[in-house]
Amino acid sequence: MANNKQDGGFTAFVEKHLMPVAVKMGQMKPLIAIRDGIAISMPLIIIGSIFMIANSFPIPAWTAWLANTAINKVTISAIFTKIVNGSFGLIGLISAFGIAASYAEQYKTDGKSAGVIAVASFFVVTPSIMSGDKVPLEGMPYGFLGSQGLFVAILLGLLTGWIFQWFINHDIQIKLPDSVPPAVAKSFSALIPGALIITIFGAIYAVLTWTGLGNIHEILMHVLSKPLGLLGDTLGGTLVAIMLNSLFWFVGIHGGNVINPIISPIWLMNTDANRVLFQAGHLDLAHHGHIIAQPFIDNFVYMGGGGATIGLVFSIGILIMMHKASKQSKIMGPLTITPGIFNINEPTMFGLPVVLNTTLIIPFIIAPMVNAITTYIAMSIGFVPLCTGAVVPWTMPPIISGFLATNSWTGSLIQAINIVLDVLIYLPFMITMNKQQKIQEDADDAAAMGIE
């Protein structure tokens, strides 16, 4: 009875104090815009990662062939690098479009027009690279178009989306007759807010240039990177984010949707910084490489999904193989193990369930934190290389993903070690839960026989 009261009290506390915060955060339009806007760039990140892995696959004969095989003096390796820069290297620019579009669409206005205006504004505030003696050529640095531009993309996208929707919803726009095609009408409606937004960012660029303060990318990096880095680029901050993720999931709210919009820009920036160092052959801590990056979180911490539930589903499998599983566990085992290997754990979260299951809350919090600590230590001492910057799809099974993320077999080894630790963490709690299920099932069977 004491345990039930304690469990009920904890659940009541979570529902009273944590649930309202999570719901409010999940409904905040800026966070939704950041989440959806950055998600637009994920296909480019994954495509770029595929070519980066192919360009650096740890087989000397393969990399030598890529570097030495040239067509019209351009090597295949150089072409692969160009593809990486032209996809992965544009995440800042694409995110600016996506964030502005998502924010405007949440106010029932034209997201595409807002996104286009955001892209133009992004180019306006980004410093140019000038070259050419006879014919001046103007270019844009990949660095600011990519991860280094994420801070600007977020702020610029949110501001663009808000100003755009305000003008449209207050009917401050150019209206054309109904006979005009909708696409043309929308483009003219965007003229007034677009002119104001681009002018604002042009003025910002002018002031920063004339005063010699630098550019907005470097200023925001200097102002925001240090405080946000304490959350996203340190082990302590990462453990806090992991704990909050698990607590939100416990009450049935997708923890990633609440936490990631705040912290994932830091992880993506670290990922791209590692990519640049890896391509230059200087990926290590001495050259300011980052241990904590997006692949670190996706492929080493959350194996099996939120809460590192691969340890949980393997624990169910162990009980089934030992012929000690309850009827419920026997049913849920096949439904959770296969998806869990591919890091899909919704069947586990809501079918087992994990949500609001106080028996599993402790391992659900501890397992991913242990994964973060062991992997962090392994990378900090050099046993496992830092993540190369390749973003491995989150559905890639462990062992394979560890190798692809680090370009080393030790990446797979640390994943295997973490899986064993996760099973050891989850198994005692799963045994307890399994006993409770058996007791309930025996009571149900007895009641059914009595009825008969």
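Residues numbered from 1 in each chain as written. Predicted model: local features only at pLDDT ≥ 70, side-chain atom pairs only at ≥ 80, totals over all residues. Heavy atoms only, no water.

### Quick notes on the nonpolar core
Thought 1: Core analysis: the largest hydrophobic core is formed by 77 residues, its most contacted members being Phe122, Leu156, Phe164, Phe296 and Met379.
Thought 2: By residue number, the principal contributor to this core is helix α9 (residues 150-169), which donates eleven residues.
Thought 3: Dropping the residues within four chain positions of it, phenylalanine 296 is found in contact with Ile291, Val301, Ala372, Thr375, Tyr376, Met379 and Cys387.
Thought 4: Counting residues in each nonpolar core, the second largest holds 18 residues, with Leu312, Met332, Val355 and Met433 among its members. (Core = buried A, V, L, I, M, F, W, Y, C linked by side-chain atoms within 4.5 Å. Buried < 20%, exposed > 50% of the residue type's maximum accessible area, 1.4 Å probe, protein only. Helix = DSSP H or I, 4+ residues; strand = E, 2+ residues; numbered from the N terminus. Contact = heavy atoms within 4.5 Å.)

### Here we look at the packing of aromatic side chains
Thought 1: Within the structure shown, the criterion is met by five aromatic pairs.
Thought 2: With 5.3 Å between their ring centres and 80° between their planes, phenylalanine 51 and phenylalanine 80 make a pair best called edge-to-face. In this pair, phenylalanine 51 sits in helix α3 (residues 42-55) while phenylalanine 80 sits in helix α5 (residues 76-87), placing the two residues 29 residues apart along the sequence.
Thought 3: Taking the relative accessible area as the measure of exposure, phenylalanine 80 reaches 15% and is therefore buried.
Thought 4: Taking 5.4 Å as the distance between ring centres and 75° as the angle between the ring planes, the aromatic pair formed by tryptophan 166 and phenylalanine 167 counts as edge-to-face.
Thought 5: The exposure class of tryptophan 166 is partly exposed, given its relative accessible area of 32%.
Thought 6: Accessibility expressed as a relative area gives 13% for phenylalanine 167, which makes it buried.
Thought 7: In this structure, arginine 275 is placed above the aromatic ring of phenylalanine 88, and the distance from its NZ or CZ to the ring centre is 5.1 Å. (Phe/Tyr/Trp six-rings, centres within 6.5 Å; stacked < 30°, edge-to-face > 60°. Lys NZ or Arg CZ within 6 Å of the ring centre and 35° of its normal.)

### Digging into the packing of helix α10 (residues 182-189) against helix α11 (residues 191-211)
Thought 1: One way to put it is that α10 packs onto α11 with a least axis distance of 5 Å and a crossing angle of 40°. Taken together, α10 and α11 sit at an angle that is classed as oblique. Contacts between α10 and α11 involve Ser187, Phe188 and Ser189 from the former and Leu191, Ile192 and Pro193 from the latter.
Thought 2: Tallied by class, the residues present in the contact of α10 with α11 amount to four nonpolar, two polar and no charged. (Axes fitted to C-alpha atoms, helices over the stretch in contact; angles between N-to-C directions. Parallel < 35°, antiparallel > 145°, perpendicular 65-115°, else oblique. Nonpolar A, V, L, I, M, F, W, Y, C, P; charged D, E, K, R; others polar.)

### A few points about the packing of helix α4 (residues 60-68) against α5
Thought 1: Running from N to C, α4 and α5 cross one another at 90°; their axes reach a closest spacing of 5 Å. Considered as vectors, α4 and α5 are oriented roughly perpendicular to each other. Each of Trp65, Leu66 and Ala67 in α4 lies in contact with α5, whose residues at this interface are Ile76, Ser77 and Phe80.

### Regarding helix α17 (residues 327-341)
Thought 1: Across its 15 residues, α17 extends 22 Å between first and last C-alpha, which sits within 8% of the 21 Å expected from 1.5 Å per residue.
Thought 2: Within α17, the axis deviates most sharply at glycine 333, by approximately 40°, and proline proline 334 lies no more than four positions further along.
Thought 3: Residues of α17 that are buried include every one of Ser329, Met332, Gly333, Thr336 and Gly340, and no others.
Thought 4: Two residues or fewer after α17 comes asparagine 343, characterised by a positive phi angle close to 65°. (Expected span 1.5 Å × (residues − 1). Bend = angle between axes of the 7 residues up to and from the residue.)

### Observations concerning the pattern of salt bridges
Thought 1: Taken as a whole, this structure holds three salt bridges when the rule is applied.
Thought 2: Note that lysine 175 and aspartate 171 form a salt bridge whose closest N and O atoms lie 3.0 Å from each other.
Thought 3: What makes lysine 175 exposed here is its relative accessible area of 57%.
Thought 4: Note that arginine 275 is salt-bridged to aspartate 272, the shortest N-O span being 2.5 Å. A residue pair is termed a helical-turn pair when its members lie 3 or 4 positions apart in one helix, as arginine 275 and aspartate 272 do in helix α14 (residues 255-280) at three residues. As far as burial versus exposure is concerned, arginine 275 and aspartate 272 are alike and both buried. (Salt bridge = Lys/Arg side-chain N within 4 Å of Asp/Glu carboxyl O.)

### Re α9
Thought 1: Spanning 20 residues, α9 covers 28 Å between terminal C-alpha atoms, matching the ideal 28 Å at 1.5 Å per step.
Thought 2: Among the 20 residues of α9, 15 are classified as buried, and the element is accordingly described as predominantly covered.
Thought 3: A positive backbone phi angle near 60° is found at aspartate 171, which sits one or two residues after α9.

### Description of the environment of threonine 410
Thought 1: With respect to the element layout, threonine 410 can be found in helix α21 (residues 409-451).
Thought 2: On the basis of relative accessibility, which here comes to 7%, the residue threonine 410 falls in the buried class.
Thought 3: In this structure the C-alpha to C-alpha distance between threonine 410 and glutamine 27, which are 383 residues apart in sequence, comes to 41 Å.
Thought 4: In this structure the side chain of threonine 410 is engaged in a polar contact, spanning 3.3 Å, whose partner is the backbone oxygen of phenylalanine 383. (Polar contact = N/O pair within 3.5 Å; in protein donor to acceptor, adjacent residues only side chain to side chain.)

### Examining the environment of serine 87
Thought 1: Position of serine 87 relative to the elements: it lies in helix α5.
Thought 2: Separated by ten residues in the primary sequence, serine 87 and phenylalanine 97 place their C-alpha atoms 15 Å from one another.
Thought 3: If we ignore the near neighbours within four places in the chain, the residues touching serine 87 are Leu44, Ile47 and Gly48.

### Section: unusual backbone geometry
Among all residues save glycine, negative phi is the norm, and among peptide bonds the norm is trans.
Thought 1: Even without glycine at this site, asparagine 72 takes up a positive phi of about 55°.
Thought 2: One can find asparagine 72 in the loop between β1 (70-71) and β2 (74-75).
Thought 3: We classify asparagine 72 as exposed; its relative accessible area is 71%.
Thought 4: Not every positive phi belongs to a glycine, and histidine 323 is a case in point at roughly 60°.
Thought 5: By the secondary structure assignment, histidine 323 is in the loop between α16 (310-321) and α17.
Thought 6: The class of histidine 323 is exposed, set by a relative accessible area of 71%.

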